[in-house]
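Structural overview for review
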Amino acid sequence: MHLLIWRRNVFDLFFGLFLIDLKCNSITGVKIIGHDTSVKKGGNITLFCHLTETEENLTHIVWQKQTRENPKQETFLIIDKDGKTEHKNDFKVKFIGNIKEKNGSVQLLGMTLLDDGIYTCIFIFPSGQNQMNINVIVLVPPVGNVSRKTHVSGHVSIILASCVAFNGWPAAEIFWRLGALNDSLRTETSYSEHTDGSVTAVSHILGAPSKDLNQKKIQCVVKHSTLTKELELDYVINIHYPPELVVISPDDPTQTQEYLCSVDCNPTPTSYLWVKVNGSTPRSDSNKLFIPKSSSDFNGVYICTASNQYGSASGVLYVNNTGSTDDCWLLLGLVFSCAVLWISLAYILSSGGKNASCSTLK
């Protein structure tokens, strides 16, 4: 085992010195065809490297790399003149070229962000060498998310919402579409790099959590070269505040009059309390009050108090039932008679004035 390690070390040293010597003997007039490329994390990638415009036979093709994982240049694959390959480490690589055709192309498998870097294809002849650097970019799609937060109304500016694009490379572009809220809210964006080289982008929405912002819709947008279209993340601002306005109104009257207690607050009230001033309160169910329509015994002032965990507010209702249906018709007839009497009186007075004017002219 020790002998094998010693022989490998001797070979590495000899081959390293051989490459250093050849660097001073680059062959002019030849051309290497290849290009920079990119791949998504976890994918496979082909590095195309083809030597042209020379008839000299190759002795070796050597691949080296400088990556995020190891910035120092290291050899990871050697192909001899017979096409036999020697892997120098555990890097997953497959030779897919042909040394007799001077094609040194390889396929790299299961790329990670740490494999991002510069890969060098070296063609070695008895008389010298030629090489080409290929830039390999490993792209990492970000994971977008908007954190769900609930705030209590106030006047101090705070973070209302945060949009995060996790672990992308290159760093994702992230911004907010605020619509009508552009003037009342502001944004702050920051970036943090992880040990593997990926970057997390965070964009905060800041502003005072007023009740006017409750249920307003905004949108976070994430853009990245790995995404075929923008990632749009909708968000609804949620502001909690105590009851501030209580309105009591009729609700579909039938034989029994129903009154509804409506409240402006968030969250919805946890309790409703109906009270009649100087009297017993009739039947109620949560925010509804039921009063017999034909009875005047329930006339009076009613108070609805709505409460949530932040406070309470009250509204007032005055009920004045006139009694039976006959009473209603009697009141309607009285109003009609008064109207006819008023019209007749107005006509008589107007006619009397005209006759007096005519007598004076005569």
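Just so we're clear, the structure is a prediction, and the values are computed from it rather than from any experiment. (Residues numbered from 1 in each chain as written. Predicted model: local features only at pLDDT ≥ 70, side-chain atom pairs only at ≥ 80, totals over all residues. Heavy atoms only, no water.)

**Some points on the overall build of the protein**
- On a plain count of helices and strands, the protein comes out with two helices and 26 strands.
- When the 362 residues of the protein are sorted by exposure, 35% land in the buried category. (Helix = DSSP H or I, 4+ residues; strand = E, 2+ residues; numbered from the N terminus. Buried < 20%, exposed > 50% of the residue type's maximum accessible area, 1.4 Å probe, protein only.)

**Focus on the sheet that holds strand E19 (residues 231-236)**
- The sheet built from three strands is open, its strands ordered E15-E18-E19 with antiparallel pairing. Whereas interior strands pair on both sides, the edge strands pair on one side only; in this sheet they are strand E15 (173-177) and E19. Taken pair by pair, the neighbouring strands of this sheet meet at an average axis angle of 20°, ignoring direction.
- Note that strand E18 (residues 217-223) and E19 share six bridges and pair antiparallel. Pairing of Lys217 across the sheet is with Val236, part of E19. (Pairing = 2+ DSSP bridges. Axes fitted to C-alpha atoms, helices over the stretch in contact; angles between N-to-C directions.)

**Some points on the sheet that holds strand E12 (residues 143-147)**
- One open sheet holds the four strands; their spatial order is E12-E14-E17-E16, and the pairing between them is antiparallel. A single partner strand is all that each edge strand has here, and the edge strands are E12 and strand E16 (186-193). Direction aside, the axes of adjacent strands within the sheet are offset by 15° on average.

**Considerations on the side chain of Gln219**
- With respect to the helices and strands, the residue Gln219 is situated in strand E18.
- With relative accessibility at 15%, the residue Gln219 sits in the buried group.
- Among the polar contacts listed, one links the side chain of Gln219 to the side chain of Asp234, at a separation of 2.8 Å.
- Each residue touching Gln219, except ones within four places of it in the same chain, is listed here: Phe175, Trp176, Arg177, Glu232, Leu233 and Asp234. (Polar contact = N/O pair within 3.5 Å; in protein donor to acceptor, adjacent residues only side chain to side chain. Contact = heavy atoms within 4.5 Å.)

**Details of the side chain of Ser203**
- Assignment of secondary structure puts Ser203 in strand E17 (residues 199-207).
- One polar contact links Ser203 to Trp176, side chain to side chain, over a distance of 3.1 Å.
- Here Ser203 is in contact with Ala161, Ser162, Cys163, Ile174, Trp176, Thr187, Glu188 and Thr189, once residues within four sequence places are set aside.

**Observations regarding the environment of Pro250**
- Tracing the backbone shows Pro250 in strand E20 (residues 238-250).
- Sequence spacing of Pro250 and Cys261 is 11 residues, and the spatial spacing of their C-alpha atoms is 9.1 Å.
- With residues near it in sequence (within four places) discarded, Pro250 still touches Glu258 and Tyr259.

**Section: the pattern of salt bridges**
- Counted under the stated rule, the structure contains nine salt bridges.
- Glu244 serves as the salt-bridge partner of Lys211, at 3.2 Å between the closest nitrogen and oxygen. With a gap of 33 residues between them, Lys211 in the loop between E17 and E18 and Glu244 in strand E20 connect regions that are remote in the sequence.
- Put simply, Asp264 and Lys211 hold a salt bridge, and the shortest N to O gap is 2.5 Å. (Salt bridge = Lys/Arg side-chain N within 4 Å of Asp/Glu carboxyl O.)

**As for the state of the cysteines**
- Applying the stated criterion across every chain yields a total of three disulfides.
- One disulfide bridge connects Cys49 with Cys121, the sulfur atoms lying 2.2 Å from each other. Here the S-S torsion is close to -100°, and the disulfide linking Cys49 with Cys121 is therefore left-handed. Placement of the pair is Cys49 in strand E4 (residues 49-52) and Cys121 in strand E10 (residues 117-125), with a sequence separation of 72 residues. (Disulfide = S-S within 2.5 Å.)

**What to know about unusual backbone geometry**
- For the bond running from Trp169 to Pro170, omega is -5°, close enough to zero to count as cis.
- Across the junction of Asn266 and Pro267, the peptide omega takes the value 5°, indicating a cis bond.
- With respect to the helices, strands and loops of the structure, Pro267 is situated in the loop between strand E21 (256-266) and strand E22 (271-276).
- Within the chain, Glu53 stands out as a residue other than glycine whose phi angle is a positive 65°.
- When you line up the elements, Glu53 lands in the loop between E4 and strand E5 (60-67).
- The backbone phi angle of Asn278 is positive, close to 55°, even though this residue is not glycine.
- Locating Asn278 in the fold gives a position in the loop between E22 and strand E23 (284-285).

**Description of the nonpolar core**
- Leu47, Trp63, Leu108, Met111, Tyr119 and Phe123 are the most contacted members of the largest nonpolar core, which totals 29 residues.
- Taken together, the elements giving at least two residues each to this core come down to strand E3 (45-47), E4, E5, strand E6 (74-80), strand E8 (93-95), strand E9 (106-108), E10 and strand E11 (128-139).
- Setting aside residues up to four positions removed in sequence, Leu108 forms contacts with Gly43, Asn44, Ile45, Leu47, Phe76, Phe91, Lys92, Val93 and Tyr119.
- Among the nonpolar cores identified, the runner-up in size contains 21 residues, and Leu160, Cys163, Ile237 and Ile239 belong to it. (Core = buried A, V, L, I, M, F, W, Y, C linked by side-chain atoms within 4.5 Å.)

**Some remarks on the environment of Glu244**
- Residue classification places Glu244 among the partly exposed positions, given a relative accessible area of 45%.
- Separated by 21 residues in the primary sequence, Glu244 and Cys265 have C-alpha atoms spaced 6.5 Å apart.
- Those residues within four positions of Glu244 in sequence are excluded, and the remaining contacts are Lys211, Asp264 and Ala313.
- For Glu244, the side chain forms a polar contact with the side chain of Lys211, separated by 3.2 Å.

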